[in-house]
Number of protein chains: 2
Amino acid sequence: MSAVPVQPAAAPTELCPVAFQDFHSPEPFPLELGGVLPELTLRYETYGTLLPDKSNAILVPHALSGDHHVAGRYRPDDVKPGWWDVFVGPGKAIDTDRFFVIGVNCIGGCKGSTGPLSVDPRTGCRFGGFFPEITLGDIVRAQRMVVRHLGIAKLHAVVGGSMGGMQALLWCADYPREVGRIAVLAAGLSQSPMAIALNAVSRACVEKDPYFRGGHYEPGEGPATGLAVGRMLAHISYLSSAAFDQKFGRAKVPGAQPGDPVHWQVESYLDHQGEAFVKRFDANSWLRITRAVDRFDMTARAAAGSLFQGDGPDVLAIGFSSDWLYPTSELRMLLAAATAVGVNAAYHEVITDAGHDGFLLPDTGLSVRLHAFLG
Amino acid sequence: MSAVPVQPAAAPTELCPVAFQDFHSPEPFPLELGGVLPELTLRYETYGTLLPDKSNAILVPHALSGDHHVAGRYRPDDVKPGWWDVFVGPGKAIDTDRFFVIGVNCIGGCKGSTGPLSVDPRTGCRFGGFFPEITLGDIVRAQRMVVRHLGIAKLHAVVGGSMGGMQALLWCADYPREVGRIAVLAAGLSQSPMAIALNAVSRACVEKDPYFRGGHYEPGEGPATGLAVGRMLAHISYLSSAAFDQKFGRAKVPGAQPGDPVHWQVESYLDHQGEAFVKRFDANSWLRITRAVDRFDMTARAAAGSLFQGDGPDVLAIGFSSDWLYPTSELRMLLAAATAVGVNAAYHEVITDAGHDGFLLPDTGLSVRLHAFLG
């Protein structure tokens, strides 16, 4: 196993320049559902300084379409910083002046870790449609290899939103002695049937696109239309009705005629979101990861006492009032399951019109609460 | 103008046998957005007996994918009765022993009234993609020709759910002296931006299907896949999260493997709904009608006092507690707008987990309320 910096760090600036690294394991990585990855690459990024006793590490697993680039900019003129830059950085809620923060691209993804776009060393060809089915448990188990590689025996915390929150719960369940506390934002104990339904339609868009070809497409020749439309749908579920009112209302695209396919501002916005997504995401990854999320179900383990344990990690559950994909009721259920077995747990609700995406937006109240929880 | 029974009535049974009729107008029908239909056919169905003074007629406009077949069976062995048979029939909430009930297929539809599948007499070819854009105002204005044809100067009531409720509001606004009362179920004063967004994605599924060809397809050779997936999405918006929990939970299709496109029961259900819809609906109709619904906005007229008027129709607004497509807040807003100008108006809330589709399901409380409102 080796860690190779594959990208030189940008010239130092005040903007927290970062570089990603690749961790490579030549060992076969068996998967929960029976498949195996013949080898493993995990792309990760770190921020801040690891203390000599390695006690200050916080892992921030990403959501469905996120990646290892959690915070900072590679270059000062990058248009956007990492996806959670509002919460992660010097003096921020997750303070990189005090903590060593780790972001890891999930396996099955398409941002550098082993996924459908990777070459299968057994065949010399990309996995594509042959990439095996994965679970969030697999994703966390792979993530942990990076943590161990960095010499960290116990994480100070795992903090994640949406699919990242599910991973935090899996750390709590599978490695309770290796995490001090978890913060779960905008997620629940299981993927709800309606959330599965939304993902199912999104997948149908991809799988029924004639360019999908069972996943056996060349990069750039895949189901671009289906993936774009599937993402349009997913995007609706990340907002709230109030957010749609405020962002777009019933405004029309200037000059649009009644029969035009893109007539309303909200249509134009979603259309743009779909097009942009195709440029940065792979359809096979979308299928593998949404299916992994749909499989997520810890209700039985919560009931059996193998999710939360009294001497396990502390828990902070954070709900967003207008999130209808992972409603606050799910986070309160999570809190109830934790407190029922004596876990030091708390619930914080962010009152917002932003919907599920609320966890990505700046919020002073949440920052203060998260900062306090991390100690 | 003529009314020709095009289908012989089924043999009399206790099941309220019905037959549809076609009303034909050879006159050009100008449309609100500038187009024109060179002639007009309206398919309609009636139940019960019109009193000699023609004072007992109730119009029941249908929702997006409904039609003129509101109640009863054409033949005793029909698998399903009309779409609102639970509310319309002898002794039911809309009692056909007392009232003469009218259902009319909307223009732009595909169940017999002039729509994209109709032949344009100017060209001898089907309208297809050339069918003009319509509004719900056009649909109501065409509907009214059937009402006039039946010799009815004033309807006792217009009762409609979802898009049917919007049409009831248009009757109230455009023909206030021709309606005694309106009942609006599961609709609001305007189509919300999030509801537009959902329709937009549904339309994108159709329009981006390579078989769509700008709407210029032969029947049976159209965008079947896109329409099926678009309907899958629409179907999600008709239910609630609780309904998904109760109907499907996290159950898997027996024997389904992890990577199968149809793995969950809810996926199988939606897949079936999409496939079934393609057999009974036309993609161009779907586009025309969803765009007409998206255009629906009576907020300005409500504010200007030209929607509700003190001496206009009585109003009953009926909301369904778990409807997130047309939330109860929209019906309460409708009530507020009506009462503000002195209309005799009331609001009734049905507590249900059924979501938007709640208005199609039996509910004793609602039946009693509706029955009382109709007098």
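What counts, and at which threshold
- Counting restarts for each chain: residues are numbered from 1 in the order of the written sequence.
- Chain A is the first chain written and ligand 1 is the first ligand written, with later ones labelled in order.
- Only residues with pLDDT of at least 70 are given local features in this predicted model, and only at 80 or more are side-chain atom pairs given and counted; all residues enter the totals for whole chains, interfaces and linings.
- Strands here mean DSSP runs of E at least two residues long; helices mean DSSP runs of H or I at least four residues long; both are numbered from the N terminus.
- Atoms counted for the radius of gyration: C-alpha only. Globule rule: 2.2 Å times the number of residues to the power 0.38.
- Contact criterion: two residues are in contact if their C-beta atoms, reconstructed from the backbone, are within 7 Å.
- An automatic or database domain assignment supplies the residue ranges for each domain.
- Any residue that is not Ala, Val, Leu, Ile, Met, Phe, Trp, Tyr, Cys, Pro, Asp, Glu, Lys or Arg is counted as polar, Gly included; the first ten are nonpolar and the last four charged.
- When the copies are superposed, the least-squares fit draws on C-alpha atoms of residues that have pLDDT of at least 70 in both.
- Using C-beta atoms placed from the backbone, we call a residue buried if 20 or more other C-beta atoms fall within 10 Å of its own, exposed if 12 or fewer do, and partly exposed for counts in between.
- Interaxial angles span 0 to 180 degrees and are taken between N-to-C directions of axes, which are lines fitted to C-alpha atoms, for helices over the stretch in contact.
- Roughly parallel covers angles under 35 degrees, roughly antiparallel covers those over 145, roughly perpendicular covers 65 to 115, and oblique covers all other angles.
- For any pair of crossing helices, the crossing counts as left-handed if the nearer helix is rotated counterclockwise from the farther one by less than a right angle, and right-handed if it is rotated clockwise.
- Only buried Ala, Val, Leu, Ile, Met, Phe, Trp, Tyr and Cys residues enter a nonpolar core, and they are joined through C-beta atoms within 7 Å.

## Considerations on the overall build of chain A
- Helices and strands together make up the secondary structure of chain A, namely 10 helices and 15 strands.
- Over its C-alpha trace chain A gives a radius of gyration of 20 Å, about what one expects of a compact globule, namely 21 Å for 375 residues.
- By its C-alpha atoms, chain A is 65 × 50 × 50 Å across when sized along the principal axes.
- Within chain A, contacts between residues separated by at least 24 positions form 70% of all contacts whose residues are at least 6 apart in sequence.

## Looking at the domain arrangement of chain A
Residues and elements named next belong to chain A.
- Here the domain parsing of chain A yields domain 1 (2-191 + 296-374) and domain 2 (195-292).
- With centres defined by C-alpha atoms, the gap from domain 1 to domain 2 works out at 25 Å.
- Facing the 26 residues of domain 1 at the interface are 23 residues of domain 2.
- For the side of domain 1 that touches domain 2, the residue count by class is 12 nonpolar, 11 polar and three charged.

## Some remarks on the relation of the copies chain A and chain B
- Turning chain A through 180 degrees and shifting it by 0.0 Å along the axis lays it on chain B, with an RMSD of 0.0 Å. On the angle and the small slide along the axis, the relation comes out as a two-fold axis.
- Residue by residue, 100% of the interface of chain A is reproduced at the interface of chain B, so both copies engage with the same surface.

## So, the environment of Pro 28 of chain A
Residue and element names in this part refer to chain A.
- Structurally, the position occupied by Pro 28 is in the loop between strand E2 (20-25) and strand E3 (29-30).
- Of the residues examined, Pro 28 has 11 C-beta atoms within 10 Å and is grouped as exposed.
- As a C-alpha pair, Pro 28 and Asp 95 span 67 residues in sequence and 36 Å in three-dimensional space.
- Not counting the four nearest positions on each side in its chain, Pro 28 is found in contact with Val 36, Leu 37 and Pro 38.

## Some remarks on the interface of chain A and chain B
- Taken together, the contact pairs 37 residues of chain A with 37 residues of chain B.
- If you list the elements that add at least two residues to the side of chain A that touches chain B, you get helix H3 (193-207), helix H4 (224-238), helix H5 (241-247) and helix H6 (265-280) of chain A.
- With 10 residues, the top contributor of residues to the side of chain A that touches chain B is H3 of chain A.
- The residue inventory of the side of chain A that touches chain B, partitioned by class, reads 23 nonpolar, six polar and eight charged.

## Quick word on the packing of H6 of chain A against helix H3 (residues 193-207) of chain B
- The N-to-C vectors of H6 of chain A and H3 of chain B enclose an angle of 50 degrees; their axes lie 9 Å apart at closest approach. Between H6 of chain A and H3 of chain B, the crossing angle belongs to the class labelled oblique. At the point where H6 of chain A passes H3 of chain B, the crossing takes the right-handed sense. In this structure, H6 of chain A contributes Val 266, Glu 267 and Leu 270 of chain A to the contact, and H3 of chain B contributes Pro 193, Ile 196, Ala 197, Ala 200 and Val 201 of chain B.

## Some points on the environment of Gln 309 of chain B
Residue and element names in this part refer to chain B.
- For Gln 309, the position within the fold is in the loop between helix H8 (299-304) and strand E14 (314-320).
- Separated by 28 residues in the primary sequence, Gln 309 and Ala 337 place their C-alpha atoms 9.9 Å from one another.
- Among all residues touching Gln 309, those that are not within four sequence positions of it are Pro 176 and Val 341.

## Description of unusual backbone geometry
Residue and element names in this part refer to chain A.
- Phi at Ala 186 is positive, roughly 55 degrees, even though this residue is not glycine.
- Mapping Ala 186 onto the fold places it in the loop between strand E13 (181-185) and H3.
- Exposure remark for Ala 186: the 30 C-beta atoms within 10 Å place this residue in the buried category.

## Regarding the nonpolar core
- In terms of nonpolar packing, the biggest core is built from 235 residues, with Ile 58, Ile 182 and Val 201 of chain A together with Ile 182 and Val 201 of chain B touching the most fellow members.
- Excluding its chain neighbours within four sequence positions, the residues that come into contact with Ile 182 of chain A are Ala 157, Val 158, Ala 168, Leu 169, Trp 171, Cys 172, Pro 313 and Val 315 of chain A.

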